[in-house]
Every structure is written in C-alpha cells, then in structure tokens.
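# Survey of secondary and tertiary structure
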Amino acid sequence: MDVEILSRIQFAFTIAFHYIYPPLSIGLGLLLVVFEGMYLKTGDKRYEQITRFWIKIFALIFGIGVATGIIMEFEFGTNWATYSKYVGDIFGSALAAEGIFAFALESGFLGILIFGWNRVGPKVHFFSAVMVFLGSMFSAVWIVVANSWQQTPAGFRIVGEGMEARAEITDFWAMVFNPSSVERLTHVWIGAFLAGAFLVLSVNAWYILKNKHLHIAKPSFKIALFTATICSLLQLFVGHKSADGVAKNQPAKLAALEGHYDSLATGDMYLLGYVNNKTQQTTGIRIPGGLSFLLHGDFKTPIKGLNAFPENERPRQVNAIFQFYHIMVGIGVTLIALSVFATWLHFRNKLFDKRWLLWIFVWAVLLPQIANQAGWFAAEMGRQPWVVYGLLRTSDALSKTVTANQVLFSLIMFMVVYLLLFILFLYLLNRKIQHGPVDYGTKEDIEEGSKRDNPLLAH
Amino acid sequence: METFLGLDYNIWWFLVFGAVISGYAILDGFDLGAGALHLLLRKELSRRIALNAIGPVWDGNEVWLVIGGGALFAGFPVAYAAIFSAFYVPFMIFLVGIIFRAVAIEFRSKEPMLWWRKTWDMVYCGASTIIALSLGLMLGNVALGIPLNEQKEFAGNWLSFFNPFSIMVAITTLALFMMHGSIYLTMKTEKRLYARLRILSRNFIIFFVLSFVITTLYTLLYVPHLSDFIRTNPAAFIIPILMVLSIANIPRQIKKGKYRYAFISSSVTIALLLIMVAMEVYPYLLFSTVNPANSITVHNAASSYKTMKILLTIAVIGTPLVAIYTSFVFWTFKGKVKLDEMSY
C-alpha cells in the first residue's frame, strides 16, 4: 500500500476513534449542567448523587478524548505536511483559537469539577460545570469551523503556484462563517447532545430494569428523555438545513449521498438502496422525485448528477457514501420515533411499565454513536478527491518525506493501542455503571465510601 | 514590513510561541517530573498522594502543548509541517506516551487490586519518562539542526536523531523535570512523604546540575554554533549568569524549607534555558545542516501578516483569560494534598 492510502486510513481511524468521546463530553456536559442546576435549585440530594456519579464517568470519557485529540492536532504535521503548509493560515488559526479559547477553559475547570467538591462552594462548582460545558461547545465551534472551511472555503486568496501555493486569509469572519459553518456546527452539537442523552438513558433504563437505584434512575431518565426528544426533533430541521447546504455548496457530494448519476433526471429519494459504482445504477426503495421535492419544492426539477462532474473531480466510493448517509438519516428518524413514543408513554404514566422499551433504550446508546460516525464518514468521503474542496487534492496533501513503512508502523501502533484502550474503557465504564451512584447523604454510605477510597482501609 | 513596537509580527509571534513552549515546559514539566519519579515512592498511599498533587491541574497543563501546536501551525506552518514530518518516528513515540500517561492517571484509581495499580504506576512512570526524553531529543535536534533539502524538507534518516548531543539534551530535560517535579511534590506533601521527597529533590538537583554541566561543556567544545550569539553579544551573557544564579537559588531555598521559592526558581531556570536556546537558534526555526540557505526561519516559514495580526489579537484576548482561570484553579487547590472521596 502507498503512503496516501495508509495515511488516509490512519487519519480516518484515529479520528473515528477520537470522535466517540468529544460528543459524549459535550452531551454529558449539558446534562451535568442540568443535573447540578436542579440540585442547586431544589437542594434535593438525589440530584447531587446523580451529578457526582456522572462526573466520574465524564472524567473517564474526557481523559480518553483529550489523549486521542492531541494525536489529531499533530497528525496534520506528521502525515499531511503539504496540506499543513497550504492551510496553515486558516486551519492553524482555528486550531490555535480552539486551544486558547475552548480547550483551556474546559481543562482548567475540569479540575474543579472533579476534585473541587470540598474546596469550593456549590455555586462555584456549578459555575465550573457550566464552564466545562461551554468549553466543550467552543471546542466544537473551532474544529467544525476548520473542517467546514475545507468543505466550503471562504475568506481567503491563493498565493503562489504549484506546490508552493497556499491559502491566505483575507477576511477572518468570512472564513469563520463560511457557507457551511453554522449549519454543520448546529448539526454536530445536536448529534453530541443526543449521544450524551442516550448514554444517560441507557444506563438508567438498565437500573430501572434491574430494580436498582430507582430513586435516582427515574428522575435522570426523565430529564434525559426530555433532552433526547427536543434534540431529535431539532435535528430533523437542522439536518435538513445541512443537506440543503450540501446541495448548494457541494453538488457532487449531494449526488453521491443519494447515488444520483444522471443530470437530466429528477432526484429520487431512497430509504434503502444499493449503488453499483460500475454501472452507475442505484436500486432500492425510493420516493420518485423526493430529492427534487425536498430541494426545490416540486417533483419535476432535475438535480445535478455525478456525471455532470469530470471523472477526477467527484468521489469514487459512491456506494459507501450513500450507505453512510442513509444509516445516519435512518437512525435520526429512529431516534425521533423512539423518544417521542417514550415521551407519549410518560405523559400517560406508562413509561416504566414497558420492559421491552426499556431494553431498547439500554441498547439505543449505540445509535447516536453510529449516526455520528456515519455522518462524519459521509461528509468526509463525499468531499473526496479534494481535501480542500475544489482547491487541493488529497493525493497532493501528503508529507513527502514520510515513507510508507513509517506510516504503516504508526498505523499498527495506533490500532493496537486504541484497541487496548477501548477494551479498558468499556470495562471501566461497565464497572462504574455496575457499581452505581454512591449516596453521599447517608452515614453508612459515607463510611462505605471512605472505606473504598481510603487505601489504608481497603488493603 | 509592518511592525509593532519596533518588531515585526513574525518576531512577535516567535516570542509568543516561545512563551507558550516555556509555559508548557514549566507546567507540564512538573507533572511529567512527578510521573518520572513515581516509582521511587514505594507506598501505595504515597503514590496516591503524589498523583492527587497533580490530579486537578495536569490536564490544564497539557493544554499548553495543544496551544503550542496550534501556535506553530498557525504562525509558522512551514516549520510545523517540516518539524513534525521530519520527526515522525520520535514524535509518534511521544504521542503514544501522551496517550498512555493520560489513561494511566485516569484508570489507576478505578480498581483497587494491587496488580492493577502497580501496572498503571509503571505505565504512568514509563510514559512520563519517555515523554520527557523524547521532548529533549527533539529539542536537541532542533538546536543542532537537521538535514533539509532545497524544498526545506527533511532529507535524512531518523536514526541520526540519536546523536550524542541530543541524547545529552534528552537526559538533561528528564533531570530538569524530575528536579522540578520533586520540588513541586515536596511543596504539596507533609510528614514522612515530605521527608522522603526532600531527600529525592536534593538528589535530582545533583542529577540535573551534573547533566547540565556535561551538556554545556560538550556544547562549547563540539557544537560551537550554539554559543555564537552569546560570544558575539556580551550583553546576552546576562542570561547564563541569571541561570546559574537561579539554579544556585534552588538548594538554598530548599535548605530554608521554602519550597514555593525553590519551585519558582526552578520554573525560572526552565524559562531561562529555553530563552538561551531561542537566542542561539534565532532566526532559524529549523536549521539545515546541509546548506544554511535551506533553513526554515522565522521569516520564510511564516503565515501572512493578516494571520499574524489575527493571531496576536487572539493571544491578547485569550492569554489574560487563561491566566485568570489557571490561577483560580491553582489557588483552589493550594496547600498540602488532602484525599477525599473524589480523589484518584
């Protein structure tokens, strides 16, 4: 295998693994703010327990998120040196802004959030939770801005020629608010909220099924369900807006998302399907003209197909892009159905009677994760063969001095390390969940807690 | 060329970048040092206290690495691209160290079994040591220069990074961090652990001074270009003098039991060391040993002036904010370590 494909696999692999954690941090961060806010407002000890329990899980997730995120920042330099020189002006400023405005805020207050219970008052502690949450939201802002600029470049000019060419900022705010920033950012944020909400739903559904910690499992389930319902419905609109943007700014990507080749035809919308990349045929369950309707409001208007683009300016793995996109959309619809149905049951006071539904919630934690990953893959593969849309090809973006063997070595190393990390993460997450929240309010629990945490007594 | 207070923007950003790197070395330096000496603390309770001494702040300290990476990427993209692709292999090892260290700290306390904790103690110590050594190794090679071709790209073999000078710098870096970390831990502990760390910090000071002297002598004899600037600018001689004074002040303060001043002194030492390296290296960010004309400099590697201005605006707004809440976090956890139910 050559350097290009190895570097692409390495980047996709390391970012996919990393992208399990930040959405959880953002989503859990939101719920932590809600839980601790409830505690502060009502003084109800149950909310303190809930908050403390989720902070421990948050810390675990955050730790791996940071460690794997640092890798990403430097992989641009190690594997994509030409790209780094090309976009340094822009991508670099976004990364620097992320570090100083977002990540520093998040990591700074994290210490107080985790270790500060006995050091600061409840209000300062709550403030820290808000700051950690805001930090993670700002992080998403700068990262999505940087990525969106690659999708829809704006506010720059090209200086130099050939391999010396590079982009220079001409208008900072036009770069930040490039045509796709806002819609992609809101899409990512809500995807993250859903990931967090469904983790909380899953854990609490399991407690309710096992008849454990009911006094805290039920209220947290309800709060998370409320969050999930609002967010999944919002995502419908935001996701649609995103697709509109793709149609306007990256027509080749849109055509790939729907497996649409023929430029003269109306765009069909597929619920399920298969794209034959060779024969350029798409088969499956479809709504004829559905895509045209979504984009233009009628079933007749033809949509630009992949054939309208030169062979070397359109993505190749159309079927994969199509499938990733449809998995994401399908899951989005499922999440709406699931959360709206559960909310309806809740208002009829039947929510916790339906064991089968609770079991679905236990496993539904995977759905937003899969949707986030699939959405990311669809977005990034749909941009190919460009690394910066219409400007710089992925094949030209590599580090020229790095050899295939070096990339292979690091790729294998990351695979081994991440596999190990993932197993340990699941093991510890499971242990935390099995152990459950500790009641800090009653005497026995405090004794039990200190016995567990005091090594002199533990051994 | 546009200037601000008589210096052009590139130089300003070089100074900002240098400040960030110094911030990183001072802050992450003490927790890396604490990690590297971790196994020298024998008792489980001691190790736990040591871990919790850095617990609330190490994550924030590592942010400076991320800011530094962003600062280099944004301000000097050509240097960012060249440095990380050239140092591919050592840098990957560094990154794996970063991963293992973070998860070791996070995972260690999650299970009570002795084998579990011992394993993560070893990982934590090993990873911290590897990070310190690889940082030093890369710094040594940056100071020394590496072969760069006419396209300003690395044209050498990564095995050549393991040259005597860079290995000495690596060991000195490790020694420096261990000294710095042991002083920090002494400041944060009490009773028997405090007594043990007092002895350890004294040993690490000796370790550091020895490796520093040897590296300096080697530099003067065999790497003359790294003392050119000071030799030709007598005024710059103030920096090494200040450094000797600040190093000498460390054992003096320790003897008086004033660990906070000793810690400030070792922080100053780190900053002065980096200032000296920066002085000698400037205007090069990466010197080409093949042909000086191929070198990457503060001027030929930089972003546009527009970006430089934006970056400086970001730094001017962001730095006070970071300073405020970093101080707030350190202030919150001031004093000796107290374990509670949320500790590691």
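As the structure is a prediction and not an experimental result, all values here were calculated from the model.

Conventions adopted
Residues numbered from 1 in each chain as written. Chains lettered and ligands numbered in written order. Predicted model: local features only at pLDDT ≥ 70, side-chain atom pairs only at ≥ 80, totals over all residues. Heavy atoms only, no water. Helix = DSSP H or I, 4+ residues; strand = E, 2+ residues; numbered from the N terminus. Buried < 20%, exposed > 50% of the residue type's maximum accessible area, 1.4 Å probe, protein only. Contact = heavy atoms within 4.5 Å. Buried area = accessible area lost by both parts, 1.4 Å probe. Salt bridge = Lys/Arg side-chain N within 4 Å of Asp/Glu carboxyl O. Polar contact = N/O pair within 3.5 Å; in protein donor to acceptor, adjacent residues only side chain to side chain. Nonpolar A, V, L, I, M, F, W, Y, C, P; charged D, E, K, R; others polar. Core = buried A, V, L, I, M, F, W, Y, C linked by side-chain atoms within 4.5 Å.

All names here are of chain A. Here Leu294 shows up in helix H10 (residues 290-296). Since its relative accessible area comes to 38%, Leu294 is described here as partly exposed. Leu294 sits 25 residues away from Met269 along the chain, and the two C-alpha atoms are 9.0 Å apart. Beyond its immediate chain neighbours, meaning those up to four positions away, Leu294 contacts His240, Asp244 and Met269.

Attention now goes to the interface of chain B and chain A. On the side of chain A, 84 residues touch chain B, which itself brings 73 residues to the contact. Each partner contributes to the roughly 6,800 Å² buried at the junction of chain B and chain A, and carbon and sulfur atoms together form 74% of this total. Linking chain B with chain A are three salt bridges, by the criterion used here. For Glu111 of chain B, the salt bridge identified is with Arg431 of chain A, shortest N-O distance 3.3 Å. Viewed at the interface, chain A and chain B are joined by 15 residue pairs in polar contact (both at pLDDT 80 or more). Listing elements by their share of the side of chain B that touches chain A, those giving two or more residues are helix H2 (44-54), helix H3 (58-75), helix H4 (77-86), helix H5 (88-108), helix H6 (114-144) and helix H12 (305-332) of chain B. Residue classes in the side of chain B that touches chain A are distributed as 45 nonpolar, 14 polar and 14 charged.

Residue and element names in this part refer to chain A. Along the chain, Val402 turns up in the loop between strand E6 (392-393) and helix H14 (404-435). Looking at Val402, the relative accessible area reads 5%, which means it is buried. Distance in space between the C-alpha atoms of Val402 and Ser7 is 9.9 Å, their sequence separation being 395 residues.

With that settled, consider the nonpolar core. Proteins that are soluble and globular tend to have nonpolar side chains buried together. Core analysis: the biggest nonpolar cluster contains 274 residues, and Trp54, Tyr83, Phe221 and Phe361 of chain A together with Phe76 of chain B have the highest contact counts within it. Once you skip the residues sitting within four places of it in the chain, Phe221 of chain A turns out to touch Leu201, Asn204, Ala205, Ile208, Leu351, Phe352, Leu358 and Phe361 of chain A. Counting residues in each nonpolar core, the second largest holds seven residues, with Phe165, Val169, Val223 and Leu226 of chain B among its members.

One pass over the structure, following the stated rule, counts 20 salt bridges over all chains. With a closest N to O distance of 3.5 Å, Arg166 of chain A and Glu168 of chain A form a salt bridge. The exposure class assigned to Arg166 of chain A is buried, which follows from its relative accessible area of 17%. In this structure Glu168 of chain A comes out as buried when scored by relative accessible area, which is 10%. Here Glu380 of chain A makes a salt bridge to Arg383 of chain A, at a shortest N to O gap of 3.0 Å. Taken together, the positions of Glu380 of chain A and Arg383 of chain A, both in helix H13 (residues 366-383) and three residues apart, correspond to about one turn of that helix. By the burial criterion, Glu380 of chain A is buried, and Arg383 of chain A matches it. Salt bridges linked by common partners bring Glu44, Arg47, Arg108, Arg117 and Asp121 of chain B together as one network.

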